[in-house]
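Structural features, examined
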Amino acid sequence: MEECGSTGHSPGGVAPGTIARRFHDTVAAMVVEAALKVRAATGLDRVALSGGTWHNRYLLGVVVCLLRQKGFTVFYHRQVPPGDGGLALGQAVIGHIKKKGTGYF
């Protein structure tokens, strides 16, 4: 019995890489469309991309490029991971501040 996916092609004969690229390009287009709708409703032109989704370098690169082409200022993680690693760092910082008793939290 043949393993699922062992042929390197989907049942429709489309290469998995092509399917993946199309999927990610569609997600990128959806993000840009959402940003455009928010800007039209609010006038905001700054977008922050944060969360585990943005570990995907292809998706991040495409979305940043497209948003900039549409005139948005884009913020994204550069020194701290966008997912759980960044969250854990933030929790550690808050714990440290609380322990020191600086009054911030």
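Right above here is the structure, for reference.
Report follows, based on the coordinates. Here the structure is a predicted model, which is why all the values come from computation and not from measurement.

Parameters and conventions
- Residues numbered from 1 in each chain as written.
- Predicted model: local features only at pLDDT ≥ 70, side-chain atom pairs only at ≥ 80, totals over all residues.
- Heavy atoms only, no water.
- Helix = DSSP H or I, 4+ residues; strand = E, 2+ residues; numbered from the N terminus.
- Expected span 1.5 Å × (residues − 1).
- Buried < 20%, exposed > 50% of the residue type's maximum accessible area, 1.4 Å probe, protein only.
- Salt bridge = Lys/Arg side-chain N within 4 Å of Asp/Glu carboxyl O.
- Arc of directions from axis to C-beta.
- Contact = heavy atoms within 4.5 Å.
- Polar contact = N/O pair within 3.5 Å; in protein donor to acceptor, adjacent residues only side chain to side chain.

Its 27 residues place the ends of helix H1 (residues 16-42) 39 Å apart at the C-alpha level, agreeing with the 39 Å of an ideal helix rising 1.5 Å per residue. Looking only at H1, the buried set comprises His24, Ala28, Val32 and Ala35.

Looking now at the pattern of salt bridges. Opposite charge on two side chains lets them pair, provided their charged atoms get close. Tallying each qualifying case throughout the model produces one salt bridge. Among the salt bridges present, the one from Asp25 reaches Arg21, with a minimum N-O distance of 3.8 Å. Of this pair, Asp25 and Arg21 both sit in helix H1, four residues apart, which is roughly one turn of the helix. When its relative accessible area of 28% is taken as the criterion, Asp25 is described as partly exposed.

Attention now moves to helix H2 (residues 57-69). With 13 residues, H2 ought to run about 18 Å at 1.5 Å a step, and its terminal C-alpha atoms sit 18 Å apart, in line with that. Of all the residues in H2, the buried ones are Leu59, Leu60, Val63, Val64 and Leu67. Angular distribution of buried residues about the axis of H2 spans 125 degrees; they occupy a single face of the element. Those residues of H2 that are exposed and aimed more than 90 degrees away from the buried face are Arg57 and Gln69. Buried residues belonging to H2 abut H1, strand S1 (46-49) and strand S2 (73-76). At the N-terminal boundary of H2, the capping side chain belongs to Asn56, with an oxygen 3.1 Å from the backbone nitrogen of Tyr58.

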